[in-house]
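Survey of secondary and tertiary structure
One letter stands for each residue in the lines below.
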Amino acid sequence: MGRPSGPTRDTKRLICERALEVFAEKGYAATTMRDVAAAVGMRDASLYSHYPSKQAIFDAAVEHQLDRLTQALRSQHALAHPTDDPSAYLTEGPELAEVVLASYEPLFADAGITRLRHVLEGARRSDPRCDELFRTVFIERPLELQRTIFSRLVDAGLFSPCDVALAARQFHGPVFLALCEDMPWPQARDLVERHLDAFLTQHRAKE
């Protein structure tokens, strides 16, 4: 009889979480398999029985955090993928503000996502793959989601016709800058709320 899958998955998740902590503290390049094993509390040989290399652990850690991010967004009806239902954004008032805030909160307040950003930021200049991941997660995907949302708002007559690609950059730009500044979420939340109010005033369809 084979070993139950549950404990294995739990161990792999623990390895991913502890490894990301070490990557964030020491940098990906400086981290060794021995460092990860020590952080998890297991022998080197036991770690190799779960993952064959540091790169394999890194890939699994990234996938784990992106899965968590997707689940967090969808649980709040915020877009995680351009094919998701954007109907939660086709409203006004507190409901719209809450879904917009929910779409950004994990990027600032979730410890795992923050560690992932720090790891990718630290390695992106020397590792093209980390640069691609950083751009995808924190720049290109948010812009793609914003374009999807603004297109629907224009189609629904809630936004005046506009260049949705430019509008996406206008909206995400200040928030991305706050991320790069490591702004704490309470301060960033206030920024997003004020930014949203100003943005709606500019783009809301005139009656």
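Residues numbered from 1 in each chain as written. Predicted model: local features only at pLDDT ≥ 70, side-chain atom pairs only at ≥ 80, totals over all residues. Heavy atoms only, no water.

The protein chain appears in an unreviewed UniProt entry as TetR/AcrR family transcriptional regulator from Candidatus Olsenella pullistercoris.

1. Overview of the UniProt feature "DNA-binding region" (unreviewed entry) in the protein chain
To keep things clear, this is the line we draw: UniProt positions are given in the numbering used here, feature names are shortened, and annotations may be inferred rather than shown by experiment. A run of H or I in DSSP counts as a helix once it spans at least four residues, and a run of E counts as a strand once it spans at least two, with each numbered from the N terminus.
Mapped onto this numbering, the UniProt entry gives "DNA-binding region" (unreviewed entry) at residues 32–51. Spanning residues 32–51, this segment combines 75% helix with 0% strand, and its end C-alpha atoms are found 13 Å apart.

2. Here's the deal with the packing of aromatic side chains
The way to describe two aromatic rings as a pair is by their centre distance and the angle between their planes. Rules: The aromatic pairing rule takes the rings of Phe, Tyr and Trp, using the six-membered ring of Trp, and pairs them if the centres are within 6.5 Å, calling planes under 30 degrees apart stacked, those over 60 edge-to-face and the rest tilted. Relative accessibility under 20% of the residue-type maximum defines a buried residue, over 50% an exposed one, and the middle range a partly exposed one, all with a 1.4 Å probe and only protein chains included. Placement of a charge over a ring requires the Lys NZ or Arg CZ to be within 6 Å of the ring centre, with the centre-to-atom vector within 35 degrees of the ring normal.
This structure, assessed with the given rule, holds 12 aromatic pairs. Note on F171 and F199: the rings are 5.1 Å apart at their centroids and 75 degrees apart in plane angle, and the pair reads as edge-to-face. In this pair, F171 sits in helix α8 (residues 164–180) while F199 sits in helix α9 (residues 185–203), placing the two residues 28 residues apart along the sequence. Across the pair, exposure class does not vary: F171 and F199 are buried alike. Aromatic rings pair up to connect Y104, F150, F159, F171 and F199 into one cluster. Note that K54 overlies the ring of Y28, its terminal NZ or CZ placed 4.3 Å from the centroid.

3. Some thoughts on helix α2 (residues 33–40)
So the rule is basically this: Throughout, the arc means that of the directions going from the helix axis to the C-beta atoms.
Of the positions making up α2, those classed as buried are M33, V36, A37 and V40. Along the long axis of α2, the arc covered by the buried residues comes to 100 degrees, so they all point the same way. Facing away from the buried surface of α2 by more than 90 degrees, the exposed residues are R34 and A38. Backbone geometry just downstream of α2 places G41 in the positive-phi region, at approximately 90 degrees.

4. Here we look at the environment of E17
Along the polypeptide, E17 turns up in helix α1 (residues 5–26). In the structure, E17 is positioned 28 residues away from A45 in sequence and 19 Å away in space, judged by C-alpha atoms.

5. Section: the packing of helix α5 (residues 94–109) against α8
Using the following cut-off: Angles run from 0 to 180 degrees between N-to-C directions of axes, and those axes are lines fitted to C-alpha atoms, restricted for helices to the stretch in contact. Any angle from 65 to 115 degrees is called roughly perpendicular, while one under 35 is roughly parallel, one over 145 is roughly antiparallel, and all others are oblique. Each crossing is labelled by how the near helix is turned from the far one, with a counterclockwise turn of less than a right angle marking it left-handed and a clockwise turn marking it right-handed. Here a residue-residue contact requires only that any non-hydrogen atoms of the pair lie within 4.5 Å. Residue polarity follows a fixed list, in which Ala, Val, Leu, Ile, Met, Phe, Trp, Tyr, Cys and Pro are nonpolar, Asp, Glu, Lys and Arg are charged, and the others, Gly among them, are polar.
Direction vectors running N to C along α5 and α8 enclose 25 degrees, while the axes themselves pass 11 Å from each other. As judged from the angle between their axes, α5 and α8 are roughly parallel. Here α5 and α8 pass one another in a crossing that is right-handed. The residues of α8 that touch α5, namely those facing V100, Y104, L107 and F108, are F171, H172, V175, A178 and L179. The class makeup of the residues in the contact of α5 with α8 is eight nonpolar, one polar and no charged.

6. Considerations on the side chain of D84
Keep this limit in mind: In protein, a polar contact means a hydrogen-donor-capable atom and an acceptor-capable atom, both N or O and within 3.5 Å, with residues adjacent in sequence counting only if both atoms are side-chain atoms; elsewhere, any N or O pair within 3.5 Å suffices.
Here D84 shows up in the loop between α4 (54–75) and α5. Its relative accessible area of 17% is what places D84 among the buried residues. In terms of polar contacts, D84 uses its side chain to reach the side chain of R74, at 3.0 Å. Discounting residues that sit within four places of it in the chain, D84 has contacts with R74 and L79.

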